[in-house]
Amino acid sequence: MNEDLVRNGNILLVPAVPLRGMVMFPNESLHFDVGRKKTIAAVKTALVKKQDLLLVTQKDTAVDNPTGSDIYSVGVLCSVIQAVKLPHSEVMRVYVEGKQRVRVDTIVTDKLFYSAFVEPLYEKSVASKDADLQTAFVRNAKELFADFLELNEQVPPDIIIGVEKCETAGETADRIAYSIPLEYKDKQAVLETLNPLKRIEKLCVLLTKENELLSIEEGIRQKVNEQIDDNQREYYLREQLKAVSAELNEGEDVQGEAEEYRQKILAVGFPEDEEKKLLKEVKRFSQMQSSSPDANVIRNYLDRVVDLPWNKYSKDNLNLENARRVLDRDHYGLDEIKDRIIELLAVLKMSGGVKGQVICLVGPPGTGKTSIVRSLAKAMNRRYVRVALGGVHDEAEIRGHRKTYIGAMPGRIIDAVEKAGTANPLILLDEIDKLGMDYKGDPSAALLEVLDGEQNNSFTDHYIDIPFDLSKALFITTANDLSAVPEPLLDRMEVIELRSYTREEKFNIAKRHLVKKQLKANGLTSKMVTIKDDAIYLLIDGYTREAGVRKLERIIGKVLRKTCIKFANGFEGKITIRANDLHEYIGAVKYTNDKTEKQNEVGVVNGLAWTSVGGEMLKVEVAVMEGTGKVELTSSLGDVMKESAKAAISYIRSYADYLGVSPTFYKDKDIHIHVPEGAVPKDGPSAGVTITTALVSALTGAPAKADVAMTGEVTLTGRVLAIGGLREKSMAAYTNSMKTVLIPEDNKKDLEEVDKKVLENIEFVPISRVEKAIEYTLVRKEKEKGEKKLENIPVEKRNTDSLWS
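Residues numbered from 1 in each chain as written. Predicted model: local features only at pLDDT ≥ 70, side-chain atom pairs only at ≥ 80, totals over all residues. Heavy atoms only, no water.

Draft legend 1. Main features of the overall build of the protein. Along the protein, the regular secondary structure elements total 28 helices and 26 strands. The globule rule puts the C-alpha radius of gyration for 805 residues at 28 Å, and the 44 Å found for the protein is more than 25% above it. Taken along its principal axes, the extent of the C-alpha atoms in the protein is 140 × 65 × 65 Å. Across the 805 residues of the protein, 47% fall into the buried class. Residue pairs at least 24 apart in sequence account for 72% of intrachain contacts in the protein once pairs closer than 6 positions are excluded. For the protein, the accessible surface area stands at approximately 41000 Å², while carbon and sulfur atoms represent 49% of it. Positive and negative charge centroids in the protein, built from 115 and 125 side chains respectively, lie 6 Å apart. (Helix = DSSP H or I, 4+ residues; strand = E, 2+ residues; numbered from the N terminus. Rg over C-alpha atoms; globule rule 2.2 N^0.38 Å. Buried < 20%, exposed > 50% of the residue type's maximum accessible area, 1.4 Å probe, protein only. Contact = heavy atoms within 4.5 Å. Areas by Shrake-Rupley, 256 points an atom, 1.4 Å probe, with all protein chains shown as cover. Lys, Arg positive; Asp, Glu negative; His and termini not counted. Charge placed at Lys NZ, Arg CZ, Asp CG, Glu CD.)

Shown next, in the form of C-alpha cells:
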C-alpha cells in the first residue's frame, strides 16, 4: 500500500515517534534526542520521503517497545526541520515544528519503524455569545502565569513574550501548557481537550494547583535555609544536586570533576581574590552538562591552572666543585662562561636568590650555547626547559590567548613552567634575536616583564589570568647577532660572548666529545672504530669552515655511518681511520689553500671580515684601465662599504703626488673594485684600509704582500679607526696562514682576547694611519728600500714627495 495515499478520506499513514515524558503541542517547536532504532528509522523515513512525523506520548515512560495500548490516542503531526547524528554515539538530535492535532487510529509496530494511521482533529470555534467569557479566561490564565513566573524564574524571556501575544483561549492554553513544567499526564489532558474554553479552564485549574505547590515549596525552603548555616547549606545543595543528577542519569561525572577541582584549588592556598575567581569557574562548570562546549572550555582551563606547579620548588645543588666538574666534563674551553656560571651559583648560595640576573649567551651557531645551559641545569639539579623563540612574531605566543577564544592556550613561558613541574626551573630562551614583530604585537615587549626581576614575581598570562611567580626561575637567553636584540630587552640581560673556536679547540672538542657522541648514536664503540688525530685535523681543515663544531659533528657522523655499512655486512675486527682514508669515506677535500693566491699580486689585498658564523678572509681586487674616470663597484657591496671606497678614492686624490699616483687618475682612468664571492652580501666600514691599499697598489703597479692581512676604517684624512670582532678576524687570518695582521692602534687592548695559538703564529702590527698600511703591505722597488718612511713624513709635505717615483 502506498503510504502517501489518504485512506478513508482524511485518515493518513505517517511515521511515528513515541515520546517519553514529553508532550508536543501544535504551533510549537521542539528539540529532542532519539536513540531507539525504530524511532531513528521513523525520523529518517520522514526526512527521505518528505512526510510529516507523528509525535505521540507514551503512557508509561519505562516501556521500551510500546504497542498501541501503551500510547495516548491524541498526538501532534509535525514537520521535521533538522535531524543530526551526534558524534561518537548512536543518538540523533531532531528539531520539529508542530502543525495539527490528530487522533491516532492504529499504531503499526511490526515494521522497521513505528507508523500510525491518524485522523486530523479540528478545534471548535468559540461562539460569539461566549466572546467575553473567552476574554476573561485568557486574562485569568495570563495572571496565573505571571504568578507562576514570580515563583519560578527559569522560564525563558521569549516564551513570556509569546504568551503575552496570545489572544484566543485555545492558543493561550496550548502555549502556557507547553511552556511550564507540568506533569506530562496533565499536559496530555490539555492536548486532548478540543473545546478551547474547556481547555483553558482546565489549564487555569492546573496553574492554580502548581502555584500553590510552588508557594508551599518556597515557604519550606525559606524555613530550612534559616535553620542551616552556610556550610551545611552548601553540602545540602550539593547532595541534592547529586541526587537529582543521579535520578536523571546525567551530570554525575561533572559533579565529581567539579568537587575534585574544588579540593585541588583549596589545597594550593591561592590568595583570596584568585581563589574566589577559580571557585566561581568551578561553580559554573558544575551547572553544565558534561558534553556542552562551554564545559569543555572551563574543564581545559581548570586543568591547566591546577596542573601548574604552584609553590613547588626543586632543591638546588650549590656545590661549586661539582658544578665545575660537570661543566668541564661536558665542555672543552668556554672558560669565561664557566667562570660566570660559578659566580652565579656562589651568589645563589650566599644570598638565596638570583633576582634580576639574566644571562645572554651570544655567539656563532655551533659554539655550545644551548648545551652548556643544559649542563648548568644538571649541575644545579634544576629542571631544564628550552623555549625556541625563532620565528615567533605574535605577542600571544609569550603571554597566551584569552580563554574566551576558540583553541586558546597559555603562552610559551607558562607552558614551559608546566612542563618543568617546578616553579624554579632553568628556562632557556633560545634564539632571542630571531623574534619577529607584526600587526599581532611585539613578542619582545612581552618578554620585558618576564626578564625583569622587579616585575616577574606576578607575571600574568592572558589564558591563566592569575599572577604566577617567576622570580625563582633562572632565565638564560641565547643569540647569534646581538644587534638584532631590542635595546630595552638587552638592558635586562648580562651579555657573555662565545667566540669562534680555534683549530686546536675544535680538535679537542671533536676528540673528547663529538667522536664519542657519534659512536654511541651509530651503535658503535671505540673498540670497533678509531679516528686518528691526523684524520680529525683534516676534517677540520679540509671538510668544514665554520665558527662552531656543528658541521664537524655531522661530518664525523657521516664517516662513522660508512663504517656501519661494513659491520652490517659482516665485517669483524677494528677499523682505524687515518687522514689518507677520508677520501674513501666522504670524498675529496672541499677546502684547500690555493698556492697561486699566496703570490704577491698588484691590486689584490687581504682584508678581514666578521660574520655571524665567525671571521672570514676578504680579498679586495682593484683593476685600473684607461677610461674617463668611471668607478665600478661590484660583488653585492652594501652602502657603507661603497662609501668606504669613495672615501678611499678621495684620500688618494688628496695625496696623489706623494703616493706616485697620477693626479688626473680620476679623469683618465676607470677603476673597478671587486670582492670575490659576489653572491654573498658584504657591508661594513672595516674594509676601508684594505680598499685604500688595494687602490694604491693598482694605481702604482706595486704588488701587495700575499701573507699580510688588515682591517680598519679609514677617514678622509687617512686616520685608521677601531673595529669590532678582532678575535674572529684574527682566527680567519690564522686559518688562511697569514703571517702579519695590521690592526687599528685603538684595538691593541683587544689583543688580550685573541687566542694564544694565534698570537704565537701571527705578528700584529698596530697602525694609526693608512700610510703605514701602504708602506708595510706594498712591495717597493729595490732602489727605494731603506728610503724615507711614508708615515714619518709630515702631512704638509706629503703632496710634494713621491714614494714610488
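Draft legend 2. Quick look at the confidence of the model for the protein. Of the residues in the protein, 91% have a pLDDT of 70 or more, and the chain-wide mean is 84. Low pLDDT (under 50) marks residues 1-8, which in the prediction has 11 contacts with non-local residues, meaning those over four places away or in another chain. Counted against residues more than four places away or in other chains, residues 783-805, with its pLDDT under 50, gives 52 contacts. (pLDDT = per-residue confidence, 0-100.)

Draft legend 3. The arrangement of the pairing of strand β17 (residues 604-611) in detail. Burial within β17 is extensive, with six of its eight residues counted as buried. Examined bridge by bridge, β17 and strand β22 (residues 708-710) share two bridges and lie parallel to one another. Following the sheet pairing, glycine 607 is matched in β22 by methionine 710. (Pairing = 2+ DSSP bridges.)

Draft legend 4. Structural context of the side chain of aspartate 750. Relative to the helices and strands, aspartate 750 resides in the loop between β25 (740-744) and α27 (756-761). Within the buried core, aspartate 750 has no salt-bridge partner, and the shortest N-O distance to an opposite charge, that of lysine 749, equals 4.3 Å. A polar contact is formed between the side chain of aspartate 750 and the side chain of asparagine 747, at a distance of 2.8 Å. (Salt bridge = Lys/Arg side-chain N within 4 Å of Asp/Glu carboxyl O. Polar contact = N/O pair within 3.5 Å; in protein donor to acceptor, adjacent residues only side chain to side chain.)

Draft legend 5. Main features of helix α1 (residues 37-49). Relative to the 18 Å expected for 13 residues at 1.5 Å per residue, α1 spans 18 Å between its end C-alpha atoms, a close match to the ideal helical length. Those residues of α1 not exposed but buried are Thr39, Ile40, Ala42, Val43, Thr45 and Ala46. If you follow the buried residues of α1, they end up packed against β1 (12-19), β2 (29-34), β3 (53-57), β4 (74-85) and β5 (92-108). Of the residues trailing α1, lysine 50 is marked for its positive phi of about 55°. (Expected span 1.5 Å × (residues − 1).)

Draft legend 6. The sheet that holds strand β9 (residues 426-430), seen in detail. Strand order in this open sheet of five strands is β8-β9-β12-β7-β13, and the pairing throughout is parallel. Edge positions in the sheet fall to β8 (384-388) and β13 (494-497), since each of these pairs with one other strand and no more. On average, each strand axis in the sheet is tilted by 25° relative to the strand beside it, whichever way the strands run. One ladder, built from four bridges, connects β9 with strand β12 (residues 474-479); its direction is parallel. Residue pairing in the sheet places leucine 426 in a bridge with leucine 474 of β12. Along the sheet, helix α15 (residues 412-420) contacts β8 and β9; its crossing angle with β8, the most-contacted strand, is approximately 155°. (Axes fitted to C-alpha atoms, helices over the stretch in contact; angles between N-to-C directions.)

Draft legend 7. Spotlight on a positive patch on the surface. Taken together, the side chains of Arg550, Lys551, Arg554, Lys558, Arg561, Lys562 and Lys590 define a basic patch exposed on the protein surface. When you line up the elements, lysine 551 lands in helix α20 (residues 550-568). (Patch = residues over 30% accessible without salt bridge, like charges linked within 9 Å, V, L, I, M, F, W, Y side chains within 5 Å.)

Draft legend 8. The arrangement of the pattern of salt bridges in detail. This model, assessed by the stated rule, comprises 36 salt bridges. The salt bridge partner of lysine 378 is aspartate 330, with a shortest N-O separation of 3.6 Å. Within this pair, whereas lysine 378 is found in helix α13 (residues 369-380), its partner aspartate 330 is found in helix α11 (residues 320-330), the two being separated by 48 residues in sequence. The exposed category is assigned to lysine 378, whose relative accessible area is 51%. A relative accessible area of 22% means that aspartate 330 is categorised as partly exposed. Here lysine 669 ties to glutamate 626 by a salt bridge, and the two come within 2.4 Å at their closest N and O atoms. One end of the pair, lysine 669, is in strand β20 (residues 669-674); the other, glutamate 626, is in strand β18 (residues 614-626), and 43 residues separate them in sequence. We classify glutamate 626 as exposed; its relative accessible area is 62%. Residues participating in the shared-partner salt-bridge network are Arg101, Glu123, Asp174 and Arg199.

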